[in-house]
Amino acid sequence: MGAFKCGTSQPLSRLWDPVRSEAVSVLTGHEQIVYSSVWSPRIPGCIASTSGDRSLRVWDIKSPGGAKISIAAHDSEVLSCDWCKYDSCVLATGGVDGLVRLWDLRNPKEAVRQLTGHENAVRRVKFSPFSASVLASCSYDFSVRLWDVKVGDTPLETVSNHSEFIYGVDFNLHNPGQIADCSWDESVRIFSPAALRNAAPVYGRS
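J.: Please clarify how the environment of Val144 should be interpreted in this entry.
T.: Following the sequence through the fold, Val144 ends up in strand β14 (residues 144-148). Considering only alpha carbons, one finds Val144 and Pro155, 11 residues apart in sequence, at a separation of 9.9 Å. Those residues in contact with Val144, other than ones at most four positions away along the chain, are Ser137, Cys138, Glu157, Thr158, Val159, Ile166, Val169, Asp181 and Phe191.

J.: Got a minute to help me understand the pairing of strand β5 (residues 46-51) in this structure?
T.: For a regular strand, side-chain orientation follows a simple rule: the groups alternate between the two sheet faces. Counting buried residues in β5 gives six out of six residues, a clear majority hidden from the surface. In β5, alternate side chains face the same way, and those of Cys46, Ala48 and Thr50 on one face and Ile47, Ser49 and Ser51 on the other are all buried. As paired elements, strand β4 (residues 34-39) and β5 share five bridges and run antiparallel to each other. The partner of Ser37 across the bridge, within β5, is Ser49. Counted along the chain from β4 to the antiparallel partner β5, the turn is six residues long, and its residue Gly45 has a positive phi close to 80 degrees. From the end of β5 to the start of strand β6 (residues 55-60), which pair antiparallel, there are three residues, and Arg54 there has a positive phi angle of about 75 degrees.

J.: So what exactly am I meant to see when it comes to the pairing of strand β18 (residues 188-191) here?
T.: Here strand β17 (residues 179-183) pairs with β18 via four bridges, running antiparallel. What sits directly across from Ile179, in β18, is Phe191. The turn linking β17 back onto β18 is made up of four residues, and Glu186 within it adopts a positive phi angle of 70 degrees.

J.: What exactly am I supposed to notice about the side chain of Ser139 here?
T.: Mapping Ser139 onto the fold places it in strand β13 (residues 134-139). Here Ala121 takes part through its backbone oxygen, which lies 2.8 Å from a polar atom of the side chain of Ser139. Those residues within four positions of Ser139 in sequence are excluded, and the remaining contacts are His118, Asn120, Ala121, Val122, Arg123, Phe165 and Ile166.

J.: Where do I start with the sheet that holds β17 in this structure?
T.: Adjacent strands of a sheet form backbone hydrogen bonds with each other and so pair up, either parallel or antiparallel. Taken together, three strands build an open sheet; the order of strands is β16-β17-β18 and the sheet is antiparallel. Each edge of the sheet is formed by a strand with only one pairing partner; in this case those strands are β16 (166-171) and β18. When the angles between neighbouring strand axes are averaged without regard to direction, this sheet yields 20 degrees. With five bridges connecting them, β16 and β17 associate as antiparallel partners. Paired with Val169 across the two strands is Asp181, which belongs to β17.

The rules we used
- Along each chain, residues carry numbers from 1 onward, in the same order as the chain's sequence is written.
- At least 70 in pLDDT is required for a residue's local features to be given in this predicted model, at least 80 for side-chain atom pairs to be given and counted, and no such filter applies to totals for whole chains, interfaces and linings, which use all residues.
- Note that water and hydrogens are dropped before the side-chain values are worked out from all heavy atoms of the structure.
- Put simply, DSSP H or I for four residues or longer makes a helix, DSSP E for two residues or longer makes a strand, and each gets a number counted from the N terminus.
- The contact rule is simple, with two residues in contact once any of their heavy atoms fall within 4.5 Å.
- Summary of the burial criterion: residues with accessible area below 20% of their type's maximum are buried, those above 50% are exposed, and those between are partly exposed, where the area comes from a 1.4 Å probe applied to protein chains only.
- Two strands qualify as a pair provided that DSSP identifies no fewer than 2 bridges between them.
- Counting of polar contacts relies on pairs of N or O atoms within 3.5 Å, with two restrictions inside protein: one atom must be capable of donating a hydrogen and the other of accepting it, and residues adjacent in sequence are counted only when both atoms are side-chain atoms.
- Interaxial angles span 0 to 180 degrees and are taken between N-to-C directions of axes, which are lines fitted to C-alpha atoms, for helices over the stretch in contact.

Structural data, given as structure tokens:
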């Protein structure tokens, strides 16, 4: 079965079968709008989701009974999450509080790192597919920031290409040095940050 998942304006996530055009599973437990839901790239059937209820939740669609892990991730709405592509237990979250936080599911009681610098809500976080420690975040402060979480809490680079809120960012799977972002200013920009051009890809965990 081919399937995809989506968050909704209701406090639930749905798993859809595009062939039958119907939901094959509904994940309930969030108490407010679900902003983000992301398949684990390393654990089959595992989904992470974030919500206006300030939580990050991890689900196993093969096992009923609600979320397997629930983390009070931020002190405000949590708008985004993403999995590290090289460590099945590491996720990043971004929130209305302007913070990016890293979580290790082996010890989820507190964030393993907090990244500060954004001046408004963090709308999207995205781990690099080429490095275990490089992360991009975009914000309503009109900026994209590149981080190396292995090095420290200061962004490698801040890029401000837009005149309005930035709400999407992603790495080019075919070009390790290229990023695309999108904004309320009705534009998509593709660019090569100096921080990525000057560093060779580092594959796997360090």
